[in-house]
Amino acid sequence: EFHGTSDHIRNTMFGAQVIKDAIVDHFFAFNQRPNVSRDNPDIRIQAHFKNDYLTISFDMTGYSLHQRGYRLDKTEAPLKETLAAAMLIRAGWPKLLEQGFDLYDPFCGSGTLVIEAYMMAANMAPGLLRQDQSFIHWLGHDANLWARVCDEARKKIKPVSNKICGSDIDDEAIFASLENAKRAKVKVSFVNVTPAPARSAIL
């Protein structure tokens, strides 16, 4: 992926092509040519060009870090996992947990806020669910070290005594919340709350 322009490179696709050709030429020196999937590469290379200065970097995850791996079912205006976590921290949820408070989200949507609240309470590492990081394809990756880090993170997960739940008036939202919670391996509850019909009075 190429970002930036100059007097010579006015198109990002052309810039990406130049970077790709340079990498391929490097491998030609070893009588090899990498076979790369255009849509789903093992490791994506990021190139940023500004003020005649080029920065090349590996995208070691291959996805945005807000994507924890549990939210596949979405509703309208979904809340990013990182934003939900930031809201909980701003609201003092970590301290409220220690005081024994519960959490209830009356407009839970796809359940992101509720799930993130449980993960904080259980001390679950945010990216522990995902096993498709790009760095596993990197030759410098230490698989044994990564396995130990993940095992240590799993051992730090603790039981949750606080009640954490959500509700919504949309059946599809409740279904999405339950499916997302199942993938996240969290013990939370979601219920459908249908508003009572409006009453009219004759005066």
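Just so you know, these numbers come straight off a predicted model, no measurement behind them.

Draft legend 1. The arrangement of the packing of aromatic side chains in detail. Applying the stated rule across the entire model yields two aromatic pairs. Ring centres 6.3 Å apart and planes at 45 degrees place the aromatic pair Phe-2 and Phe-49 in the tilted group. Of this pair, Phe-2 sits in strand S1 (residues 2–3) while Phe-49 sits in strand S2 (residues 44–50), and the two are 47 residues apart along the sequence. Judged by its relative accessible area of 7%, Phe-2 is buried. The exposure class of Phe-49 is buried, given its relative accessible area of 16%. Ring geometry for Phe-135 and Trp-146: centres 4.9 Å apart, planes at 80 degrees, overall edge-to-face. With Phe-135 in the loop between helix H4 (112–122) and helix H5 (143–155) and Trp-146 in helix H5, the pair connects residues that are eleven residues apart, well separated along the chain. A residue is classified by how much of its surface remains accessible, and Trp-146, at 32% relative accessible area, is partly exposed.

Draft legend 2. Up close: the sheet that holds strand S5 (residues 164–168). Reading across the sheet, the three strands line up as S4-S5-S6 and stay open at both edges, with parallel pairing between neighbours. At either margin of the open sheet sits one strand with a lone partner, and together these are strand S4 (103–105) and strand S6 (189–192). For this sheet the average axis-to-axis angle between neighbouring strands, irrespective of direction, equals 20 degrees. Of the strands in this sheet, S5 and S6 touch helix H6 (residues 171–184), which is tilted by about 170 degrees from S6.

Draft legend 3. Here's a closer look at the pairing of S2. Across two bridges, S1 lies against S2 in parallel orientation. Looking at S2, one finds that His-3 is bridged to His-48. Chirality of the crossover, the property in question, places the unit of S1, helix H1 (residues 12–28) and S2 among those that are left-handed. As judged from the seven bridges shared by S2 and strand S3 (residues 53–59), these two strands associate in the antiparallel manner. Within S3, the position partnered with His-48 by the bridge is Thr-55. With antiparallel pairing between neighbouring strands as the criterion, S2 and S3 make up a hairpin whose turn holds two residues, including Asn-51 at a positive phi of roughly 55 degrees.

Draft legend 4. Highlighting the pattern of salt bridges. Here the structure, examined in full by the defined rule, presents seven salt bridges. With a closest N to O distance of 3.1 Å, Arg-68 and Glu-116 form a salt bridge. Here Arg-68, found in the loop between S3 and helix H2 (81–90), pairs with Glu-116, found in helix H4; they are 48 residues apart in sequence, far enough to count as distant. Across the pair, Glu-116 and Arg-68 agree in class, each one buried. A salt bridge links Asp-132 to Arg-130; its shortest N-O distance comes to 2.7 Å. Overall, Arg-130 belongs to the buried group, its relative accessible area being 18%.

Draft legend 5. Broad picture of the sheet that holds S3. Taking strand neighbours across the sheet as the criterion, the three strands line up as S1-S2-S3 in an open arrangement whose pairing is mixed. Unpaired on one side and paired on the other, S1 and S3 mark the two borders of the sheet.

Draft legend 6. The environment of Ile-89, seen in detail. Inspection of the secondary structure puts Ile-89 in helix H2. Accessibility expressed as a relative area gives 53% for Ile-89, which makes it exposed. As a C-alpha pair, Ile-89 and Ser-57 span 32 residues in sequence and 31 Å in three-dimensional space. Apart from the residues lying within four places of it in its own chain, the contact partners of Ile-89 are Pro-94 and Met-120.

Each value, and the rule that gives it
Residues numbered from 1 in each chain as written. Predicted model: local features only at pLDDT ≥ 70, side-chain atom pairs only at ≥ 80, totals over all residues. Heavy atoms only, no water. Phe/Tyr/Trp six-rings, centres within 6.5 Å; stacked < 30°, edge-to-face > 60°. Helix = DSSP H or I, 4+ residues; strand = E, 2+ residues; numbered from the N terminus. Buried < 20%, exposed > 50% of the residue type's maximum accessible area, 1.4 Å probe, protein only. Pairing = 2+ DSSP bridges. Axes fitted to C-alpha atoms, helices over the stretch in contact; angles between N-to-C directions. Contact = heavy atoms within 4.5 Å. Right-handed = clockwise from strand over helix to strand, strands pointing away. Salt bridge = Lys/Arg side-chain N within 4 Å of Asp/Glu carboxyl O.

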